[in-house]
Amino acid sequence: MLENMKRTILYTGILSALFFSATSCHYLDVEILDDQKTIEEVFETEETALGALAEVYSYIPGETNWADGSPWTGISDELRVSFTGQNGNVHEINIGAMKADGPLFNTWGRYYQGIRNATYFILHVDDIENWRPNSESIESRRERYRYEARALRAFYYFCLFKQYGPLVILPTESLIASDAPLEEMELPRSTVSKTVQFIVGELDACINSGKLPLSRMEQQNYDYGRMNVTTCMAIKSRLLLYAASDFYNRDRTLELYKNFKDKDGNYLFDYTDEGRIERWQKAADAAKDVIDTHRFQLYRAESTGNVAVDAYNSYREAVQVDWNVENIFAVKDGGWNYHERCVTPQCVNTGCYGGFGPTQQMVDAYFMNDGRLPIIGYEPADSEGNVKAIPNPASNYSEEGFCENGNEDMGYGAGTFNMYVNREPRFYASIAYDNARWISNNWSNTVRFYFDGNAGLKTDGTRRNVSLTGYLAIKLLSEKYNGQTAPANSAARNYVYFRYAEILLNYVEALNEIDFNANQSEIFTYINDIRSRAGIPGYGSGADQIQVSGQDEMRDLIRAERRVELAFEGHRYFDCKRWLLSEETDGGSFYGMNVYQGADNGFYNRVEFEIRSFLPKNYLWPIDVNETYKNQNLVQNPGW
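Residues numbered from 1 in each chain as written. Predicted model: local features only at pLDDT ≥ 70, side-chain atom pairs only at ≥ 80, totals over all residues. Heavy atoms only, no water.

In terms of regular secondary structure, the protein is built from 21 helices and 12 strands. A compact globule built from 640 residues should have a C-alpha radius of gyration of about 26 Å, and the protein, at 25 Å, falls within 12% of that. With the C-alpha coordinates of the protein rotated into their principal frame, the extents come out at 75 × 55 × 45 Å. Counting every position in the protein, which comprises 640 residues, the buried fraction comes to 61%. Restricting the contact set of the protein to residue pairs at least 6 apart, pairs at least 24 apart contribute 69%. (Helix = DSSP H or I, 4+ residues; strand = E, 2+ residues; numbered from the N terminus. Rg over C-alpha atoms; globule rule 2.2 N^0.38 Å. Buried < 20%, exposed > 50% of the residue type's maximum accessible area, 1.4 Å probe, protein only. Contact = heavy atoms within 4.5 Å.)

Turning our attention to the confidence of the model for the protein. Per-residue confidence for the protein averages 91 on the pLDDT scale, and 92% of its residues sit at or above 70. Note on residues 1-25: pLDDT under 50 across the span, and 59 contacts to partners over four residues away in sequence or across chains. (pLDDT = per-residue confidence, 0-100.)

With 191 residues, the main nonpolar core has F356, W438 and M554 as its most contacted residues. With 15 residues, the top contributor of residues to this core is helix α17 (residues 500-533). In contact with M554, not counting residues within four places along its chain, are N512, F516, I523, F524, I527, Y539 and V548. (Core = buried A, V, L, I, M, F, W, Y, C linked by side-chain atoms within 4.5 Å.)

Further remarks concern the side chain of Q163. Within the element layout of this structure, Q163 appears in helix α7 (residues 138-164). Contact partners of Q163, with chain neighbours within four places excluded, come to W72, F105, T107, F574, K577, L620 and W621.

In this structure, the largest pocket encloses a volume near 850 Å³. Counting residues per element, the ones that place at least two in the lining of the largest pocket are α15 (360-365), β4 (375-378), α18 (551-565), α20 (582-585) and β11 (588-593). The element that contributes the greatest number of residues to the lining of the largest pocket is α18, accounting for 5 residues. By residue class, the composition of the lining of the largest pocket is 12 nonpolar, 7 polar and 8 charged. (1 Å grid on protein atoms, 1.4 Å probe; cavity = no way out; pocket = protein on both sides within 12 Å on 5 of 7 lines; lining within 4 Å. Points joined across faces, edges and corners; volume = space filled by probe spheres on them. Nonpolar A, V, L, I, M, F, W, Y, C, P; charged D, E, K, R; others polar.)

This part takes up the side chain of S478. If you trace the backbone, S478 turns up in the loop between β9 (472-473) and β10 (495-499). Among the polar contacts made by the side chain of S478, one reaches the main-chain amide nitrogen of K480 at a distance of 3.0 Å. Leaving out residues up to four positions away in the same chain, S478 has contacts with R316, Q320, E340, A491 and R493. (Polar contact = N/O pair within 3.5 Å; in protein donor to acceptor, adjacent residues only side chain to side chain.)

Time to look at the pattern of salt bridges. Pairing between side chains of opposite charge can happen when their charged atoms approach one another. In the structure shown here, the tally under the stated rule is 47 salt bridges. Note that R426 and E424 form a salt bridge whose closest N and O atoms lie 2.5 Å from each other. The residues R426 and E424 share a single accessibility class, namely buried. Each member of the salt-bridge network shares a partner with another, and the members are E326, E424, R426, K475, R499, R531, R533, E561, E565 and E569. (Salt bridge = Lys/Arg side-chain N within 4 Å of Asp/Glu carboxyl O.)

The following block contains the structure:
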């Protein structure tokens, strides 16, 4: 449906030029009424109005280009983007080159354009004159379109909130004209509580309206990817989880944000410990509301009778199979071509880059097949910069030597470094490591990341932009992608924004913060659902379960589970921020295998490939200083 809607824009030739301007020198400077006749034409028919709604949908962010499209994976501790020249914006952020004058990945104006466009559509949907024949009533369609735009508007506010913090809330019943007096245009930022309250109120209005389908299951297949009730519920769940977290709590946040005020002296971070448990309860309730719709479940692939293989297939297919039972909200054809080229090594095809390399920190985060974390710490670096891990004595982890027997089911052969042996199925479904069988159905060789290996740097310097960590992130790479014909043959599929596993993790995190002892049974039930699907033992007091000592340990384990289950899906950067861990996780030394050495002379050592800069001010993105010059009431984020 959305594809047809977007084609409508091309047919009319109206929107991009005269209706919803995509560029502006101010985030309020959109002159929608330049041509009244054109506006009337836009809402003359249902078809042209749907073109306007498609324009509102077009602001949904793309998340597959980690180099210069969506930075969140590449600036977290999950990934090293190899590109430092052209398409090197992620690298610039990681070395501390962000500035408030022309900030990188600046979405402030873009999302506010989407918000204003949504409001304009809401205010004018009543103007549609000519409706197509349809079994659904005109009134039902009109209201459904109105609430789709309203839900999108709330989503764009949430996207702004997670990047910039407290927001400017625009009027919902009218638009500020571009020639309005300054006092109407110079709106101040709302507090965190008012920002969250506003977004939740908008989402609740959509949820309770009775105008949107409950879920994709109640939509026609050509309407998949359009807003519905459970999508609004999922956005609300994530928003309230963030809002309950320590970063937004003035009693717990960093010193830099404790005195963050507007120009009238009001605290913009106005949450305190007084309402902390109540906020976690709201987060728990929002997640449970999604669970209680009984519309979703963890995806499980068809059983083969092999627990590890079933777990591997289930985890990969959860984000690969379009519109499966775990998908709450996705967009059609996520634009995968560039992503696939960046996670496919050049030995498969010279048109590929192979430059999205997971960090050693991410590799070390995956559990063992016995369900335990492999590492409890690291030894100090030696004189050559090599670092060794301290194995968890309760696990079966080792990083000494090479295995005698491979595991065909998990894709490694004899002679594989023991660091990669006996790991959980999600590891093998997500990470390409040295001596791993490549994932493509069209190229079945193993990949070698050491110097002069088939996926590594070359002596003659002909390979550039390859992985600088000794790994590639293959979780989102389709096995159907034919790298042999890259870059032309992209495996078209959806990009999943919300899936059921996240909701379960939201729920158990909130329950643990409320009261581990009181909620222990329910916490174990839902986190163990995820671990069961992953093919590893769960938590509890049973003989085959791993015991947990209390709330603090459970908190660490929930965070570890979230890190692995949701890896490379855009969560980690924002999770570490809300947990106040970013200076530790996203700054300092980053490690990988020594890709400048051969297999026999040092490749299998952890070495530092980069030192990243993450300062307290980086917890919130800078607003472009030009916006603060134009709006004297728009205070800048602290430190910028």
